[in-house]
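Observations on the model geometry
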Amino acid sequence: MTLHVAVLAAFVALQIGLGLWIGRRMRGASDFFVAGRRLPAPVIFGTFLAANIGAGSTIGAASLGYSIGFGGWWWNASAGAGSLVFALWAGPRLWALACEHRFLTLGDFLEWRYGRSVRGISSLLIWCVSLSILAGQLLGASSILQVVAGFPRWVGAVTAAVVVVIYFVAGGLLSSAWVNLLQLAVKLSGFAIALPMALAGVGGWSGLRSSNALPVQFFNPVGTSGSALWLLVLLGPAFVVSPGLVQKAYGAIDQRAIRLGVGLNAVALVLFAIVPVTLGMVARVHHPDLASPDQALPVLLRADLPPLVGALTLASVFAAEVSAADAVLFMLSTSLSQDLYRRFVAPEADDDRVVRVARWSAVVAGVAGLGMALVLPTVVDALKIFYSVLTVALFVPVVGGLLWARPQTADVIASMVTGLSAMLAVQLITAGKGIYGWPPVVIGLLSGGTAFGAAMLLRGAR
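These lines cover the structure that appears in this document, whether it is placed above or below.

**Observations concerning empty space enclosed by the protein**
Summed over the entire model, instances satisfying the criterion amount to three cavities of 30 Å³ or more. Empty space within the largest cavity amounts to approximately 260 Å³. Broken down by secondary-structure element, the contributors of at least two residues to the lining of the largest cavity are helix H3 (41–52), helix H4 (56–67), helix H5 (74–101), helix H7 (116–149), helix H11 (238–241), helix H12 (243–250), helix H16 (307–345) and helix H18 (379–403). Its volume calculated, the second largest cavity comes out at about 70 Å³. If you trace the second largest cavity, you find it lined by Thr-105, Leu-106, Gly-107, Ser-122, Ser-123, Ile-126, Pro-243, Gln-247, Met-331, Thr-334, Ser-335 and Asp-339. Contributing elements (two or more residues each) for the lining of the second largest cavity: helix H6 (106–114), H7, H12 and H16.

Here it is in structure tokens:
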């Protein structure tokens, strides 16, 4: 117990120290928002993968492995599929437009493409729903300290929030990108050691398959009746249009850095997908009666691995939650300061003032996300809120704006209102079960796309 806490405490201090040191090099809004547009491919790879391997990719995916088995693989694999589309198509195009028009956020692109009202609506939506994913990351971190040290839920969430707010406020994307490299190194090394040792503890893969604790359907790679494939629709589009990831791409030194860095991140996500799911299944063999599936990974690492390996891997999971939280904090603070404050409240504000607002926004967002983390039941519940709204609200406007020159403000607003209304209605009426097996997010996405196309056709007919 003492070793686990000591390793986590040392890692917390190291992240804060590195973030503050890098933050001293920050010079102006360009460094804070887009790292001066000079991040090379290796750093793009590191900051994307660190952001994408978060609470959902570790605690959440292991929870799915514990609950439904191998079908949980699609949580990370879907993120990899979306990232590949971003790397090969959306990312380079958005980067070129950002350089040409000096965009700092996705909101800048939306206003340039559709107008001020779309920017305002999307920014407010992003701010509201992004708190749920920030809460999800803090919730994942809290589960680590809850299991390892017996701390109350709020202690772990507060610790994670303090760490990420300090190093993010120090230097924005510039400090986050370099701290992410440290976090990624710890993550990958910890899981690379833990997986074979955990499997050895149940007699390898053959022992896992023959265990009476795991039903036969747990080894179906697409879940029961293909249900896990819906994760591809829920998660894949979000990784093409996520404002936080778009803004990280703006920081690349060139388009090649995006294609190479984000593309390798996509491959790594698909390969990593098997790791937390397998660990969740191993946890079910050892601990079939856990109070919450979210405890599967922390309990396994604390109770069933050698202390030093367990401590390193727990630090890896904590790093995953914090690095993903900084990406969300980045999205929240820049959306409020650049898209809302500078555009609608104080258009005359200079760069220094906008950066100050961004820093205070990060503090406010950290406190608000912390509050949500204390009331949401599980990591997966928190993340599903974010991915559903993000996909339905932004996928059609961003992709439509990149593909066609014809869409106008009314078309996009029709898409957003129709899609979100349909998703919410199906969610409430069916208690989230969907219609004939079609989840609410799919109904919302199809409704929004239909409204978008119909609005363009009607305008063309007139």
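After that view, the rundown keeps rolling.
**What about the packing of aromatic side chains?**
Remark: the centre distance and the inter-plane angle together describe each pair of aromatic rings, the angle taken between the planes. For the coordinates displayed, the defined rule picks out 15 aromatic pairs. Here Phe-70 and Trp-205 contribute two aromatic rings whose centre-to-centre distance is 6.3 Å and whose plane-to-plane angle is 70°, an arrangement assigned as edge-to-face. On the criterion of sequence distance, the pair formed by Phe-70 in the loop between H4 and H5 and Trp-205 in helix H9 (residues 204–209) is long-range, its members being 135 residues apart. With a relative accessible area of 17%, Phe-70 lands in the buried category. Following the ring pairs from residue to residue traces out a cluster consisting of Phe-32, Phe-33, Phe-168 and Phe-330. When the ring centre of Phe-219 is taken as reference, the NZ or CZ atom of Arg-209 above it lies at 4.7 Å. The ring of Tyr-66 carries the charged tip of Arg-284 above its face, separated from the ring centre by 5.6 Å.

Quick notes on the rules
Residues numbered from 1 in each chain as written. Predicted model: local features only at pLDDT ≥ 70, side-chain atom pairs only at ≥ 80, totals over all residues. Heavy atoms only, no water. 1 Å grid on protein atoms, 1.4 Å probe; cavity = no way out; pocket = protein on both sides within 12 Å on 5 of 7 lines; lining within 4 Å. Points joined across faces, edges and corners; volume = space filled by probe spheres on them. Helix = DSSP H or I, 4+ residues; strand = E, 2+ residues; numbered from the N terminus. Phe/Tyr/Trp six-rings, centres within 6.5 Å; stacked < 30°, edge-to-face > 60°. Buried < 20%, exposed > 50% of the residue type's maximum accessible area, 1.4 Å probe, protein only. Lys NZ or Arg CZ within 6 Å of the ring centre and 35° of its normal.

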